[in-house]
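# Structural overview for review
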Amino acid sequence: MQSQCAAPNCPSGKSEVQPLFRFPRDPERSKKWVEKCQRQDLIDKPAEQLYRYYRLCGKHFETSLIDTECESTVLKDDAIPTIFDVPNKPQSGQMKRGKEPIKDSEVESKGRKKVKKSQAETAKEDVQTVSEQDEYKEYLKSLFEVLLLLGEQSIPPPGPAHNKEEGLGSSNFQTLLEYRMNCGDEVLKKRYDVNKECCSSEELNQLIEVCEKYIRSKLVEEVKQNSFFSLLTDDLVKISGGWFLPVFLRYVDQSNCQQERFVGFLSFEGHGDALAERLLSEMTDRWGLNMEQCRGQAHSCSATHFSQIKAFASKLMEKYPRAVLTLRATQTLNVSLANSMSLSGVQLVMSTLKKIESFFSQSSLLQQELEHAISIFYPDKEEKANELKEICRTGWTRRDDAFDMAVEILEALLLCVDSVHDNEDMRWDDQVTHDALEISKALADFEFIMALIVLKNVTTLTRAFGKNVQGNATDAHFAAASLKAVLHSLKEVSDNIDVYHEFWSDEAVNLATAMEVPVKVPRSFLRKHQAESGVVRLESYYKEHLSVPVVNHIFREMNEIFSEDHLKTLRCLSLVPAVIEQHKSTEPEEENVQMFNSDIPNSGTLSAELHCWWVKWSKKGKGETLPSSLHETLQLADVKFFPNMLAVLRLIGVLPTLALQDSCDVAYRRFRVYMENTPDTFKSKSLALLNMNYDVGFDLDSLVEIYMKTYPDREEEP
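Residues numbered from 1 in each chain as written. Predicted model: local features only at pLDDT ≥ 70, side-chain atom pairs only at ≥ 80, totals over all residues. Heavy atoms only, no water.

So, on to the overall build of the protein. From N to C terminus, the protein includes 29 helices and 12 strands. With 718 residues in all, the protein has 49% of them scored as buried. Across the protein, contacts joining residues at least 24 apart in sequence account for 70% of those joining residues at least 6 apart. Counting every atom, the protein has about 35800 Å² of accessible surface; 49% of that belongs to carbon and sulfur. (Helix = DSSP H or I, 4+ residues; strand = E, 2+ residues; numbered from the N terminus. Buried < 20%, exposed > 50% of the residue type's maximum accessible area, 1.4 Å probe, protein only. Contact = heavy atoms within 4.5 Å. Areas by Shrake-Rupley, 256 points an atom, 1.4 Å probe, with all protein chains shown as cover.)

Right, dumping it as structure tokens:
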């Protein structure tokens, strides 16, 4: 047991306190430990099981083998226990029974040995005297270990053969429990012998809930220890028939590394202020987040739920004004702007681009088919064709220039999917040909072509800005200064929309003609408005229902997302040494840094410290390479001598707009993998949290303690 020494009759933990050491994982050394402590009942147990569940205390080791200079008492790597209360040599009148001496009183006059309980039997009795509570704890630990293993591997505990009528009889969870019993888990065996099952469906759900509670408490505690954070949400997902909002937190940890963690799902049932209030209440009251420490927020959402997410963001800003609304780094600016539009044509474009990405990613043969189609449309421009093919091998539908790229290969795309749908050589299955037909219908719709052309031309104005703001520190700092020019361009287009729309309309008509697509108003609009007016003019329809709303939406969103506080934070990237060196003649503006006055250690010394920081990095030594990113700057050894600068750099680090280092950006990737690869029937908000945070560091004793406090009645059950 983890709480006592495995040596027979050892009083450690009862009458005296000794450090406990795990059995070694190495099978050979583990076997030697078992032999030395003479626990015959442990000989057949695997080294891994001994490592997890059994300990020897310090009194069985020579003092020279115990290192007490470390923060915690540890054994040397090759330590073997040698000190036990068992005589090493038989005295006079004794006989040897294996390695165990036999006393005179154990030998009868007729030469027959008196029966005595072996060490193994004594040890077995010791194990049997363990209290029922300890046994129950060990039972729970076994359950949690199996659950954590399944969660880490994203294997659903119910399993593919599970159904409610059978309970857990054929589940993945039950199968692994049976495997443990076969490997010698006596506690599980005993439970099974009594109940004819190791764990019920109800108990499994309780275990999962406890894991969720434990993980979130650890994550929230880590965020609290590092002070400030930003709140991020992703597009709503459907789990078990309900809509849920995925929530992430970004912060800078104790080692000054930016981190992003998935902290769970919030039920998204309701509307308006009531929904926003409930979401905030759940995060503060149930999760324990201190929203006063929130310094930023970013939301990725589709048009379907855009208004509700906007209401939530506004309520958050109203209650916590320091939670600045920003762009989220996991989505490019132009794609984010388009996703948030509810216009039918725009949503047709966005949904079709997702289908295209999914369609061509399922087979390299489909990708080859597309590349062949590109070659057909660019016969005399091999270099251009190769460039397009190379881009098509990436996730181009999520790039800032996705709409430009789509226009470039639109004809080739239509040719490709039509060819796949025709399936003349019978290469594709029914599902592939069906998907190809769906994409073909969308591409051959004039509403799609017109919306794509409008998006391409309008987002051209924001493309460079979006690429810079999510680029390196120098680019992001430059982007903060270029926003006015972008807004001016959008305003100019808005003021002269008649002229611009005419150009866009001509471009769309020419492309549609080349693709042999009929130029017309959407049938859905005609059906709804036919009775109201006679003839609907094509040009006026697309201007009023597409061009004008798109320009206005992008102008409004750019103003809202890139507020003055957001821009000031981006301008603070002038503290990065490479940016200072590039603008060495200009000292960083103190006005931008002053927005953090209430969050830094000593605002009174800010001005002097800022000047010293600038002087230090504005004079580059010969051959010296200066840190060029926020991450590199935070890792500087000298930064600790500038406490105000360190505090400001850490606050910049929580800004959701800035891209994370690859090593820190795993939460979102795990989230996408789980949502894309887990069948809908097995998706679980609790298991998702476990799967995406399997590296959080689980303590089985803590999990057991939480479970026993949450479900005290369970312990009384057999």
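Quick look at the side chain of N423 now. In this structure, N423 sits in the loop between helix 14 (402-422) and helix 15 (430-443). N423 gets classed as buried once you look at its relative accessible area, which sits at 10%. The contacts of N423, once residues within four sequence positions are left out, are W428 and T433.

As a further point, take helix 1 (residues 27-37). Among the residues of helix 1, S30, W33, V34 and C37 are the ones counted as buried. Along the axis of helix 1, the buried positions cluster into a sector of 95°, meaning they face one direction only. Residues of helix 1 that are exposed and angled more than 90 degrees away from the buried face: E28 and K31. Where helix 1 is buried, its residues contact strand 1 (20-22), helix 2 (47-53), strand 2 (55-57) and strand 4 (74-75). (Arc of directions from axis to C-beta.)

When glycine is set aside, most residues are seen to have a negative phi, and most peptide bonds are trans. Despite not being glycine, S154 has its phi angle at roughly 60°, a positive value. Its place among the elements puts S154 in the loop between helix 4 (132-152) and helix 5 (172-182). Of note in the backbone geometry, S227 takes a positive phi value of approximately 70° without being a glycine. Its location among the elements puts S227 in the loop between helix 7 (201-225) and strand 7 (229-233). In this structure S227 comes out as partly exposed when scored by relative accessible area, which is 31%.

What follows is about the packing of aromatic side chains. Within the structure shown, the criterion is met by 22 aromatic pairs. Seen from their ring centres, F244 and F265 are 6.5 Å apart, and the 75° between their planes marks the pair as edge-to-face. Here F265 lies in strand 10 (residues 258-267) and F244 lies in strand 9 (residues 242-252), a separation of 21 residues in the sequence. Relative accessible area serves as the criterion here: at 13%, F244 is assigned to the buried category. Members of the aromatic cluster, each reached through a chain of ring pairs, are F244, F248, F262, F265, Y668 and F671. Positioned above the aromatic ring of W617, the side-chain terminus of K616 is 4.9 Å from the ring centre. Cation over ring: R670 sits above Y694, and NZ or CZ is 4.4 Å from the ring centre. (Phe/Tyr/Trp six-rings, centres within 6.5 Å; stacked < 30°, edge-to-face > 60°. Lys NZ or Arg CZ within 6 Å of the ring centre and 35° of its normal.)

Moving on to the confidence of the model for the protein. With 87% of its residues at a pLDDT of 70 or more, the protein shows a mean pLDDT of 85. In this model residues 87-117 is a low-confidence stretch, pLDDT under 50, and it forms 34 contacts with partners more than four residues away in sequence or in other chains. (pLDDT = per-residue confidence, 0-100.)

With that settled, consider the pairing of strand 11 (residues 294-299). Residues in a regular strand point their side chains to alternate faces of the sheet. With 6 of 6 residues buried, strand 11 lies mostly within the body of the structure. Across 5 bridges, strand 7 lies against strand 11 in parallel orientation. If you follow F229 over to strand 11, its bridge partner there is C294. Pairing of strand 11 with strand 12 (residues 324-325), which is carried by 2 bridges, proceeds in the parallel orientation. Looking at strand 12, one finds that G296 is bridged to V324. Assessed by its sense of winding, the connection that carries the chain from strand 11 through helix 9 (residues 306-319) to strand 12 is right-handed. (Pairing = 2+ DSSP bridges. Right-handed = clockwise from strand over helix to strand, strands pointing away.)

Axis separation between helix 11 (residues 344-361) and helix 16 (residues 446-469) bottoms out at 8 Å; the angle between their running directions is 90°. It follows that helix 11 is roughly perpendicular to helix 16 by the angle criterion. Every residue of helix 16 that contacts helix 11 at S344, G345, V346, L348, V349 and T352 is listed here: E447, F448, A451, L452 and L455. Residue composition of the contact of helix 11 with helix 16, grouped by class: 7 nonpolar, 3 polar and 1 charged. (Axes fitted to C-alpha atoms, helices over the stretch in contact; angles between N-to-C directions. Parallel < 35°, antiparallel > 145°, perpendicular 65-115°, else oblique. Nonpolar A, V, L, I, M, F, W, Y, C, P; charged D, E, K, R; others polar.)

A word on the nonpolar core. Formed by 115 residues in total, the largest nonpolar core has its most connected members in W396, I449, V550, M558 and F562. Summarising the domain contributions, this core has at least three residues from each of domain 3 (338-562) and domain 4 (569-654). Among the nonpolar cores identified, the runner-up in size contains 76 residues, and V220, L236, L280 and C294 belong to it. (Core = buried A, V, L, I, M, F, W, Y, C linked by side-chain atoms within 4.5 Å. Domains from an automatic or database assignment.)

Bringing the environment of L626 into the picture now. Position of L626 relative to the elements: it lies in the loop between helix 24 (606-618) and helix 25 (630-634). Residue L626 is classed as buried on the basis of its relative accessible area of 10%. Taking the C-alpha atoms as reference points, L626 and V576, separated by 50 residues in sequence, lie 8.8 Å from one another. Those residues in contact with L626 that lie beyond four places of it in its chain are P577, A578, E581, W617 and K620.

Right, let's get into the pattern of salt bridges. When their charged atoms lie close together, side chains carrying opposite charge are able to pair. Applying the stated rule across the entire model yields 37 salt bridges. R328 is the salt-bridge partner of E260, the closest N and O atoms lying 3.5 Å from each other. Separated by 68 residues along the polypeptide, E260 in strand 10 and R328 in the loop between strand 12 and helix 10 (333-339) bring together distant segments of the chain. Assigned by exposure class, E260 and R328 land together as buried. The partner of K491 in a salt bridge is D495, with the nearest N and O atoms 3.1 Å apart. (Salt bridge = Lys/Arg side-chain N within 4 Å of Asp/Glu carboxyl O.)

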